[in-house]
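These are the residues of each chain, in order.
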Amino acid sequence: MTGVQTCALPILEENHKLKNFPNPFGYYTSIEAFVPGYVKESSIVIYNLAGIVVKKYPLLNGYNIVTVLRDDVPSNGVYFYSLVADGRKMATGKMIAIK
């Protein structure tokens, strides 16, 4: 097929809100994410304030719960996490790690 190809990713971008609980967190936090079946590759990526990737969690299609342990982030502070689907950031949230 040439010309226009249908891509449903904007639907995911508009409808998907990322949340983690608890936030702030001491021992762990859980991030819920839904990945539709048409997505080929997806992950939750954790970034520090400088934008450096701290940790990456691959996801499966369907409903996912990612558990981020306190040991998965290098220090106390603010981190951002993004749902990345087929190479595009679709949603981003903020979490705070404390002791």
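In case you missed it, the structure is sitting above this.
The residue numbering used here restarts from 1 in each chain and proceeds along that chain's sequence as written. Given that the model is predicted, a residue must reach a pLDDT of at least 70 before its local features are reported, and side-chain atom pairs must reach 80 or more before they are shown or counted; all residues, however, enter totals for whole chains, interfaces and linings. Hydrogen atoms and water are omitted, and side-chain values are computed over all heavy atoms in the structure.

### Re the nonpolar core
Logical step 1: In terms of nonpolar packing, the biggest core is built from 21 residues, with Leu18, Ile31, Ile44 and Ile46 touching the most fellow members.
Logical step 2: Contacts between residues were defined by any pair of non-hydrogen atoms, one from each residue, lying within 4.5 Å. Once residues within four sequence positions are removed from consideration, Leu18 is found in contact with Ile31, Glu32, Ala33, Ile44, Tyr81, Ser82, Leu83, Ala91, Thr92 and Gly93. Residues grouped as a nonpolar core are buried Ala, Val, Leu, Ile, Met, Phe, Trp, Tyr and Cys residues, joined through side-chain atoms within 4.5 Å. Exposure classes here rest on a 1.4 Å probe applied to the protein chains alone. A residue is buried below 20% of its type maximum, exposed above 50%, and partly exposed in between.

### Focus on the sheet that holds strand S6 (residues 77–85)
Logical step 1: One open sheet accounts for 4 strands, arranged S4-S3-S6-S7; its pairing is antiparallel. For this open sheet the edge positions go to strand S4 (53–58) and strand S7 (88–97), each flanked by a neighbour on one side alone. Going from strand to strand, the sheet's axes swing by 20 degrees on average, the running direction of each strand aside.
Logical step 2: Each pair of strands is called paired provided DSSP finds at least two bridges between the two strands. The helix and strand labels rest on DSSP assignments: H or I over at least four residues marks a helix, E over at least two residues marks a strand, and numbering proceeds from the N terminus. Direction of pairing for strand S3 (residues 42–47) relative to S4: antiparallel, over a ladder of 5 bridges. Looking at the pairing, Ser43 lines up with Pro58 of S4. To get an axis, fit a line to the C-alpha atoms, keeping to the stretch in contact for a helix; angles then go from 0 to 180 degrees between the N-to-C directions.

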